[in-house]
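Chain and residue survey
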Amino acid sequence: MGLWVWLAGISLTLSVQLGAIEFQPDNSTAITSVRLEVFDLSGRRVFSSGPVPGATYKWYLQRDDGRPVANGVYLYIFFTHTADGKELRSSVGKLAVRR
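Residues numbered from 1 in each chain as written. Predicted model: local features only at pLDDT ≥ 70, side-chain atom pairs only at ≥ 80, totals over all residues. Heavy atoms only, no water.

Okay, the side chain of S33 next. Tracing the sequence through the fold places S33 in strand β4 (residues 31–39). Dropping the residues within four chain positions of it, S33 is found in contact with V52, P53, G54, F79, T80 and H81. (Helix = DSSP H or I, 4+ residues; strand = E, 2+ residues; numbered from the N terminus. Contact = heavy atoms within 4.5 Å.)

Further remarks concern the environment of H81. Positionally, H81 belongs in strand β8 (residues 72–82). Taking relative accessible area as the criterion, H81 reaches 16% and is therefore assigned buried. In this structure, H81 is in contact with A30, I31, T32, S33, V34, R35, K86 and E87, ignoring residues within four places of it in sequence. At 2.6 Å, the side chain of H81 forms a polar contact with the side chain of E87. (Buried < 20%, exposed > 50% of the residue type's maximum accessible area, 1.4 Å probe, protein only. Polar contact = N/O pair within 3.5 Å; in protein donor to acceptor, adjacent residues only side chain to side chain.)

Position of L75 among the secondary structure elements: in strand β8. For the pair L75 and V46, spaced 29 residues apart in the sequence, the C-alpha separation amounts to 9.8 Å. With residues up to four places along the chain from it excluded, the contact list for L75 reads E37, V38, F39, D40, L41, V92, G93 and K94.

Next up, the structure:
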């Protein structure tokens, strides 16, 4: 199942898989790395991927310490980095985790 999201000048597809969500920009030709940050509803960061080479990122619904996130609603920001040094940032997205 895919969810389409429009970001600042780019579009992003979220693919929901068993135990994971894959973030993939639809036009990834110039993207060299990506970064995902996830926050709880109080604004505390629960996960940051750090820069990851490539154009996609699969989040396994885990916190920074490797523990699974609790059921609930989370906010995310997805960043892309291009070969010429530009960083594009998504607007804040919302997703729900329910196991």
